[in-house]
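# Overview (structure and organization)
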Amino acid sequence: PIRVPITEKIVGDAPILPGFESAQDAIDDFGCEAAEFVKAAAEAGLPLYMHLVNLFVGGSMPPPMHSVPIHETCSLGQSMAAAARARLRGISTLKVKIDPDSGLEQSLKSLERLRETYPNIGLRIDLAGGMNEVLELGQEPEPWLQRFAQLNVEYIEDPVRSELIDLLPGGIVPIGLDLVSASYDRATETIERGQIQVLVLKPHLCGSFGRAFTLARTAAARGVKVVLSSLYDSPVGIATLIHFAVALGLSETAHGLNTLGLIYPHPCPELRPGRDGRILVPRGHGLGLPPGDWMPE
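Description of the structure in this document. (Residues numbered from 1 in each chain as written. Predicted model: local features only at pLDDT ≥ 70, side-chain atom pairs only at ≥ 80, totals over all residues. Heavy atoms only, no water.)

### A word on the overall build of the chain
Secondary structure summary: the chain contains 9 helices and 11 strands in total. Relative to a compact globule of 297 residues, whose C-alpha radius of gyration would be 19 Å, the chain shows 19 Å and is just as compact. In terms of principal-axis extent, the alpha carbons of the chain reach across some 60 × 40 × 35 Å. For the chain, buried positions account for 56% of its 297 residues. Sequence-distant contacts in the chain: of pairs separated by 6 or more residues, those separated by 24 or more amount to 66%. Accessible surface, the chain: about 13200 Å² in total, of which carbon and sulfur atoms supply 51%. (Helix = DSSP H or I, 4+ residues; strand = E, 2+ residues; numbered from the N terminus. Rg over C-alpha atoms; globule rule 2.2 N^0.38 Å. Buried < 20%, exposed > 50% of the residue type's maximum accessible area, 1.4 Å probe, protein only. Contact = heavy atoms within 4.5 Å. Areas by Shrake-Rupley, 256 points an atom, 1.4 Å probe, with all protein chains shown as cover.)

So, in structure tokens, the structure goes:
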């Protein structure tokens, strides 16, 4: 990643991400703002989440929260093994990414086997636009949505392109929208029109903490569940989002913040989830991370 130095500390980062060229300015701005806020929090002797509360939540502290629940992310082909691993680690929610080229019928059969094997695990399904063709061919989407509903999924994420969401019938299965697949304005519109029930929020794409807080609070005010997701994987980036979750009081929803677990060896043991499937909020001022490759003395 490109790291943003502030005095002697590295407190924010903003990588150059292939495929996100159009969002690079927003990513850079968010990283620089994160650096400024971490520095200000450390100088004030506060953890970052408390500084964010003072800035964006009127100084009203959220309920006490010392950890953030996370989900396990995997492809459909890895889902059986990932579910077994998640259960051993105390993680109760699985996010399964579907290959949109695999075909809905085959994907649903695999998901049905997964549900039969693990009837109690929480399932989140990322369709990555896998139902686009259904609408483009003029087919009725309701039977497909009913089958996902029968799997008792928490939500299906990005079943179609964001501009097609209003063509899906509501009330069958919760629909999620990832900010990576929609503009900020489009996400706000779908929330206000009641077209989605879950917002998968990558704050970096908002370009600023203020816009990210506004979008998250707009969603929460309309009963839309907010799930945080990392745009990139670094100890600084993940720690920042954990503090963001605490500032918003998002303690009951599993978030996509365990992506450091995909790196071997784990680059930051302090951000490894415990046996309860939760990541502890780093202790201390600013980000609370100890010195390391990401935060040199």
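### Topic: the pairing of strand β4 (residues 72-75)
Each regular strand carries side chains that alternate between the two faces of the sheet. The alternating pattern of β4 places Glu72 and Cys74 on a buried face, while none of Thr73 and Ser75, on the opposite face, is buried. Both β4 and strand β5 (residues 93-97) contribute to a ladder of 4 bridges, which runs parallel. By the bridge assignment for β5, Glu72 is matched with Leu94. In terms of handedness, the path from β4 via helix α3 (residues 79-88) over to β5 forms a crossover that is right-handed. (Pairing = 2+ DSSP bridges. Right-handed = clockwise from strand over helix to strand, strands pointing away.)

### Description of the environment of Tyr49
You can see Tyr49 is positioned in helix α2 (residues 48-56). Taking C-alpha positions, Tyr49 is 6.1 Å from Phe244, a pair spaced 195 residues apart along the chain.

### A few points about the packing of helix α1 (residues 24-43) against α2
Axis separation between α1 and α2 bottoms out at 9 Å; the angle between their running directions is 105°. In terms of axis orientation, α1 runs roughly perpendicular to α2. Across the interface between the two elements, Phe37, Val38, Ala40 and Ala41 of α1 pack against Leu48, His51, Leu52, Leu55 and Phe56 of α2. Taken together, the residues of the contact of α1 with α2 sort by class into 8 nonpolar, 1 polar and no charged. (Axes fitted to C-alpha atoms, helices over the stretch in contact; angles between N-to-C directions. Parallel < 35°, antiparallel > 145°, perpendicular 65-115°, else oblique. Nonpolar A, V, L, I, M, F, W, Y, C, P; charged D, E, K, R; others polar.)

### Re the environment of Asp293
Examined against the element boundaries, Asp293 turns out to sit in the segment after β11 (278-280). Distance in space between the C-alpha atoms of Asp293 and Pro235 is 9.5 Å, their sequence separation being 58 residues.

### As for unusual backbone geometry
Phi angles above zero are rare outside glycine, and Ala128 is one such case at about 50°. Turning to its location among the elements, Ala128 is positioned in the loop between β6 (122-126) and α5 (132-136). For Asn152, which is not glycine, the phi dihedral falls at a positive 55°. For Asn152, the location among the structural elements is in the loop between α6 (142-150) and β7 (155-157).

### Considering the nonpolar core
The tendency in soluble globular proteins is for nonpolar side chains to be buried as a group. Membership of the largest hydrophobic core comes to 88 residues, with the highest contact counts inside it found for Val96, Ile125 and Leu201. It is helix α9 (residues 235-248) that provides the largest number of residues to this core, a total of 10 residues. When near neighbours in sequence (up to four residues on either side) are disregarded, Val96 contacts Cys74, Ser75, Leu76, Ser79, Leu111, Leu114, Leu123, Arg124, Ile125 and Asp126. (Core = buried A, V, L, I, M, F, W, Y, C linked by side-chain atoms within 4.5 Å.)

### Examining the pairing of strand β9 (residues 198-201)
Along β9, one buried face is formed by Val198 and Val200 and the opposite face, lined by Leu199 and Leu201, is buried too. In the sheet, strand β8 (residues 175-178) pairs with β9 via 3 bridges, with the strands oriented parallel. Bridge pairing in β9 places Leu177 opposite Leu199. Crossover connection from β8 via helix α7 (residues 184-192) to parallel β9: handedness right-handed. Sheet topology places β9 next to strand β10 (residues 225-228); 4 bridges connect them, and they run parallel. Residue pairing for β10: Leu199 is matched across the bridge by Val226. You can see the chain leave β9, run along helix α8 (residues 209-221) and come back into β10, and the turn it takes is right-handed.

### Concerning the packing of aromatic side chains
In this structure the tally under the stated criterion is 6 aromatic pairs. For the pair Phe30 and Phe209, a centre-to-centre distance of 4.3 Å together with 10° between the ring planes defines the contact as stacked. Highlighted residues: Phe30 in helix α1 and Phe209 in helix α8, separated in sequence by 179 residues. The pair formed by Phe30 and Phe209 is uniform in burial state, with each residue classed as buried. These aromatic residues form a ring-pair network of at least three members: Phe30, Phe37, Phe56, Phe209, Phe213 and Phe244. (Phe/Tyr/Trp six-rings, centres within 6.5 Å; stacked < 30°, edge-to-face > 60°.)

### A short note on the packing of α3 against helix α4 (residues 104-117)
Axes are the key here: two packed helices are described by the angle between their axes and the distance separating the axes. Their axes nearest at 10 Å, the elements α3 and α4 cross at an angle of 25°. Taken together, the axes of α3 and α4 are roughly parallel relative to one another. As for how α3 packs across α4, the hand of that crossing is right-handed. Residues Ser79, Met80 and Ala83 of α3 form the contact with α4, whose own contacting residues are Arg113, Leu114 and Thr117. (Left-handed = near helix turned anticlockwise from the far one by under 90°.)

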